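# Topology and contacts: notes
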Amino acid sequence: MHASYSRNISLIEQTLGYYFHDRSLLLEALTHSSYANEHPEEGCAYNERLEFLGDAVLGLVIVESLFRQEPPFAESEMAKMKAYLVSRTVLSDIARKIKIGEVVRLGRGEEASGGREKDNILADAMEAVFGAVFLDGGFIQARQVVLGLLGGCVEEMLRTGKSHDYKTDLQEKTQSLFGSLPEYRLVLEEGEEHDKRFTVEVYVEGRMMGRGRGRSKKEAQMNAAAEAIGHLLDSEGEGTDA
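The structure contained in this document is the topic of the report that follows. Because the structure is a prediction, the values reported are computed rather than measured.

## Digging into the side chain of K167
By the secondary structure assignment, K167 is in helix 10 (residues 166–178). At 2.7 Å, the side chain of K167 and the side chain of Q221 are in polar contact. If we skip the residues at most four places from it in the chain, K167 touches T89, Y184, Q221, M222 and A225.

Given below as structure tokens:
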């Protein structure tokens, strides 16, 4: 392993608050299939199996945390909150904060297409890391890592009541209806550096379907997605009435 890459791996461990006994598990968690396919001579495993395991570990940790809240939540409430907390949007944001994109191993084609910033690659790697921690240190260590990274999201969600990922909902809806993805465009950025406001428009099939404002681009995108979903639901209703 190159010395600079090893240092970056150490920084990831430091951020996780967990140091691996078997670092090959962490390396596997950070290896995308495109890298393994381009380097068959290395015989390296890629992270899909660890991602599958990590998804289950993450889900159990989050559900246990929600289950222990007082006053207790109904099953339907916990289901909505869990869906939000384990969503691609939340996980990719966490992955960016701990700079997983800088150390994930990608093939040349995936690298050239901006793979280090793709939500799905970052979220999958994050889940794979959780799976690697579980295999290396057991459930208690995995729980500590998960809550260390997502605990703030849980607290914010409980405080604000926000437990819906409108961006994911819109993406799934546009794929189902049109076979395409929504496109977000930043149309306005205003305010001082410490007090920014962003305005984002979301387009579906070339049509502007929603506009949102927020203190971050993510918040603005989420608000735009929520408005777009409302418009799509209204259109479906009109179609049904007709």
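## Focus: the pattern of salt bridges
Following the criterion strictly, the structure yields 15 salt bridges and no others. Across the salt bridge formed by R108 and E38, the nearest N and O atoms sit 3.6 Å from each other. With a gap of 70 residues between them, R108 in helix 7 (residues 108–112) and E38 in helix 3 (residues 33–38) connect regions that are remote in the sequence. R108 sits in the exposed class, given a relative accessible area of 62%. For R105, the salt bridge is made with E42, and the minimal N-O distance between the two is 3.8 Å. Placement of the pair is R105 in the loop between helix 6 (88–97) and helix 7 and E42 in the loop between helix 3 and helix 4 (48–67), with a sequence separation of 63 residues. Classification of R105 by relative accessible area gives buried; the value is 14%. Connected through shared salt-bridge partners, D93, R96, E117, D119 and K218 make up one network.

## Quick notes on the nonpolar core
In this structure, L16, I100 and M126 are the most contacted members of the largest nonpolar core, which totals 45 residues. Those elements that provide at least two residues to this core are helix 1 (3–16), helix 2 (23–29), helix 4, helix 5 (75–85), helix 6, helix 8 (119–137) and helix 9 (139–160). When residues in this core are grouped by element, the largest group, 9 residues, is from helix 8. The contacts of L16, once residues within four sequence positions are left out, are I98, M126, V129, V145 and L149. By size, the runner-up hydrophobic cluster in this structure holds 9 residues, among which are M209, A224, I229 and L232.

## Section: the packing of helix 4 against helix 5
Look at helix 4 against helix 5: their axes get within 10 Å of each other, and the N-to-C directions meet at 135°. With respect to each other, helix 4 and helix 5 are oriented oblique. Crossing of helix 4 against helix 5: the hand is right-handed. Contacts between helix 4 and helix 5 pair G59, I62, V63, L66 and F67 from the former with M78, M81, K82 and L85 from the latter. In terms of residue class, the contact of helix 4 with helix 5 is made up of 7 nonpolar, 1 polar and 1 charged.

## Description of helix 6
Counting buried positions over the 10 residues of helix 6 gives 7, a clear majority of the element. Looking at helix 6, one finds that the buried residues are T89, V90, L91, S92, D93, I94 and A95. Immediately downstream of helix 6, the backbone of K99 shows phi near 65°, a positive value.

## A word on the sheet that holds strand 1 (residues 183–190)
Taken in spatial order, the 3 strands line up as 1-2-3 in an open sheet, and their pairing is antiparallel. Two strands bound the open sheet, and with one partner strand each, they are strand 1 and strand 3 (207–214). Averaged over neighbouring strand pairs, the angle between their axes works out to 20° when direction is ignored. Relative to strand 3, strand 2 (residues 197–204) runs antiparallel, the two sharing 7 bridges. Bridge pairing in strand 3 places V202 opposite G210.

## A look at the packing of helix 6 against helix 8
Interhelical geometry of helix 6 versus helix 8 gives an angle of 80° and a closest axis separation of 8 Å. Here helix 8 runs roughly perpendicular to helix 6, going by the angle between their axes. Residue-level contacts link R88, L91, S92, I94, A95 and R96 of helix 6 to D119, N120, L122, A123, M126, E127 and F130 of helix 8. Tallied by class, residues from the contact of helix 6 with helix 8 come to 7 nonpolar, 2 polar and 4 charged.

Conventions and cut-offs
- Residues numbered from 1 in each chain as written.
- Predicted model: local features only at pLDDT ≥ 70, side-chain atom pairs only at ≥ 80, totals over all residues.
- Heavy atoms only, no water.
- Helix = DSSP H or I, 4+ residues; strand = E, 2+ residues; numbered from the N terminus.
- Polar contact = N/O pair within 3.5 Å; in protein donor to acceptor, adjacent residues only side chain to side chain.
- Contact = heavy atoms within 4.5 Å.
- Salt bridge = Lys/Arg side-chain N within 4 Å of Asp/Glu carboxyl O.
- Buried < 20%, exposed > 50% of the residue type's maximum accessible area, 1.4 Å probe, protein only.
- Core = buried A, V, L, I, M, F, W, Y, C linked by side-chain atoms within 4.5 Å.
- Axes fitted to C-alpha atoms, helices over the stretch in contact; angles between N-to-C directions.
- Parallel < 35°, antiparallel > 145°, perpendicular 65-115°, else oblique.
- Left-handed = near helix turned anticlockwise from the far one by under 90°.
- Nonpolar A, V, L, I, M, F, W, Y, C, P; charged D, E, K, R; others polar.
- Pairing = 2+ DSSP bridges.

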